[in-house]
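A structural walkthrough
So the chains spell out like this:
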Amino acid sequence: MPLRPTFALAALAALSGSARADSPTAATPVHTAIDHYVDDAIKAAGVAPAPQADDATFVRRLTLDLVGRIPTPAEASAYVKAADADKRAKLVDRLLASPGFARHQAAQFEAMLNPEGGGRRSGALGEYLRTALAAGKSWERMYRELMLPDEADATMKGAADFLKSRVTDTDKLTNDVSVSFFGVNVSCAQCHDHPLVKDWTQDHFYGMKAFLVRTYDAGGSLAERGFGQVKYKANKGPEKLAPMMFLTGAKLDDATAREMTKDEQKKEKELIEQAKKDKKAPPRPAFSARAKLVEVSLKEGNADFFSRSVVNRMWHRYFGSGLVNPLDQMHSENPPSHPELLAWLAKDTASHGYDLKRLIRGIVMSQAYSRSSRYPTEATPDRKLFAVAQLKPFTPLQLSTSLKIAAADPAQFEGKKAGDLEKTLEQLESSGRGFASLIAVPTDNFQVGVGEALLFTNGDRVAKEFLTDNGVLARAKGLTDKKAAVALLVRSAYGREPTAAESTALVAYVENRADRLPEAYRQVLWALVTGPEFRFVY
């Protein structure tokens, strides 16, 4: 069967759209370009966007999205009370510069690279990601280091985990590389040409596999052969030899596509045994197929899959839905909601060296990002318009860290220097990791699971770990004014003042249990942190 690169290229064309005369230019700020394209689509649809979120909502959303926790009561209050016209930009820049940003983004990237979790999370990959993000490495550099790790460099050992955890299953490795870096799931084309998407044929799957099949485990170290080939049985016709071929249809001339001779196999065994003895990886081959994949995938004309995929994933992370959904289905039969915006952001991101922090700053500075999640009518606009903010369930670590902050004495966050406050928050985050391991990683079709429901309702861990007699409960118990006490609990959990109705109801609840006030306050805090307002980024 002849190769059909035109279909793969059609995928990119379908994701692009065409530019208008008044379209943003290369000099347009990212947030301005986002608002231009999103507002255009909203206007064309004839709907009204939701108003901008209030300050208390915005500081909570931004803090959760950038550093993975709710704001402390002091942080929330300071932002709401600030009259500075630049307070939003200052808050964004402070959080982007915080060590918590690297930690939270690393956790997000680790979940992205290891979506199945479990045994694939050794901790080393997470540590590599935290270090890389803290150092401000670009997505392109991280991609190179993940695909071409140097295990002799102690700082790079964790990067090797992405490949090492998959190297025994080359078919899965092929698809996971394609999904993680290019937003394309080609697993279906392993057995046959995709029945519904003409972009993806068996040639694409096995062409990608040809880049990766030479990678192997040499006694615990990552190694690569200098020779190898992939043959497969097509649906029709004789067995085929797969050339190295990228998703766009770009093929490589490869003189090393052959089976290893017996002498070469014997030499490989000797190298593996020596590597085990020396506890280091065998020498790299003169011709690295994996290095060729990195080279061809970043080459002009092919790099759109790489740039659009990371833009789409960042958009999904901050808006709760991608410009293309699902995230691993970027092809011509699944066009983006905003093709011009995706194309502009991908080009801008690539031209600025795949600087993730720059892209993220542009996203969260847009008016589209800061819209309210409340819509004035029951009939809400199509979520693809991004006319109203979407709810995002907490990740496990967001939930556990936020519980720790909500239950802590607010005074412990006040009057501290930035570095000392960050250490306190990091300690709370670390102390919540055990609890986080009990929470499921949310998906696009999130529902609170039975296990989590039982954990919060019937288990005693929440009471023992968070609803203790220390922290904010001790502070509330010490107040003689019950209205002030319930307001303190609401501020601690939600970062806002209670409404009049909430205050009346909570004070009445507490007063009816005047003979057991500590327990009454404990029940109030439990109700606050188990409610939907606490469970979501809104």
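This one's a predicted model, so the numbers in the text were calculated from it and none came from an experiment.

According to the stated counting rule, one finds three cavities of 30 Å³ or more in the structure shown. Of the voids in this model, the largest cavity is the one considered here, and its volume is about 80 Å³. What lines the largest cavity is Arg 61, Tyr 318, Phe 319, Ala 368, Tyr 369, Phe 386, Val 388, Ala 389, Gln 390, Lys 392, Val 537 and Tyr 538. Tallied by class, residues from the lining of the largest cavity come to nine nonpolar, one polar and two charged.

Before going further, it helps to examine the layout of surface pockets. Taking a probe equal in size to a water molecule and rolling it over the atoms shows the remaining empty space. Space inside the second largest pocket adds up to approximately 590 Å³. As for the second largest pocket, its lining consists of 26 residues, and the residues nearest its centre are Thr 57, Ser 372, Ser 373, Arg 374 and Tyr 538. Those elements that provide at least two residues to the lining of the second largest pocket are helix H3 (55-67) and helix H26 (532-535). Per element, the largest residue contribution to the lining of the second largest pocket is three residues, and it comes from H3. Of the residues assigned to the lining of the second largest pocket, the class counts are 11 nonpolar, seven polar and eight charged. Counting only domains with at least three residues in the lining of the second largest pocket, you end up with domain 1 (30-101 + 300-388) and domain 3 (393-537).

Here the focus is the nonpolar core. With 96 residues, the main nonpolar core has Leu 66, Trp 139, Met 147, Phe 181, Phe 182 and Leu 293 as its most contacted residues. A domain-level breakdown of this core finds at least three residues from each of domain 1 (30-101 + 300-388) and domain 2 (167-298). Discounting chain neighbours no more than four positions away, the residues touching Phe 182 are Tyr 143, Val 177, Met 208, Phe 246, Leu 247, Ser 297, Phe 305, Phe 306, Ser 309 and Met 330.

Here we take up the domain arrangement of the protein. Partitioning the protein into domains gives domain 1 (30-101 + 300-388), domain 2 (167-298) and domain 3 (393-537). Its C-alpha centre places domain 1 at a distance of 36 Å from the equivalent point of domain 2. Across the boundary between the two partners, domain 1 contributes 15 residues, which contact 18 residues of domain 2. Surface buried jointly by domain 1 and domain 2 totals about 1,400 Å² across both partners, of which 54% is contributed by carbon and sulfur atoms. On the domain 1 side of the interface with domain 2, the three residues burying the most area are Asn 302, Phe 305 and Phe 306, jointly 42% of the side's total. At the junction of domain 1 and domain 2, the tally comes to zero salt bridges. The tally of links from domain 1 across to domain 2 stands at eight residue pairs in polar contact (both at pLDDT 80 or more).

Okay, the pattern of salt bridges next. Counted by the stated rule, this structure contains 39 salt bridges. Put simply, Glu 429 and Arg 433 hold a salt bridge, and the shortest N to O gap is 3.2 Å. Glu 429 sits in the buried class, given a relative accessible area of 7%. On the basis of relative accessibility, which here comes to 39%, the residue Arg 433 falls in the partly exposed class. Put simply, Asp 460 and Lys 464 hold a salt bridge, and the shortest N to O gap is 3.1 Å. Using a relative accessible area of 45% as the deciding quantity, one classes Asp 460 as partly exposed. Salt bridges linked by common partners bring Arg 103, Glu 422, Glu 426, Glu 429 and Arg 433 together as one network.

The rules behind the values
Residues numbered from 1 in each chain as written. Predicted model: local features only at pLDDT ≥ 70, side-chain atom pairs only at ≥ 80, totals over all residues. Heavy atoms only, no water. 1 Å grid on protein atoms, 1.4 Å probe; cavity = no way out; pocket = protein on both sides within 12 Å on 5 of 7 lines; lining within 4 Å. Points joined across faces, edges and corners; volume = space filled by probe spheres on them. Nonpolar A, V, L, I, M, F, W, Y, C, P; charged D, E, K, R; others polar. Helix = DSSP H or I, 4+ residues; strand = E, 2+ residues; numbered from the N terminus. Domains from an automatic or database assignment. Core = buried A, V, L, I, M, F, W, Y, C linked by side-chain atoms within 4.5 Å. Buried < 20%, exposed > 50% of the residue type's maximum accessible area, 1.4 Å probe, protein only. Contact = heavy atoms within 4.5 Å. Buried area = accessible area lost by both parts, 1.4 Å probe. Salt bridge = Lys/Arg side-chain N within 4 Å of Asp/Glu carboxyl O. Polar contact = N/O pair within 3.5 Å; in protein donor to acceptor, adjacent residues only side chain to side chain.

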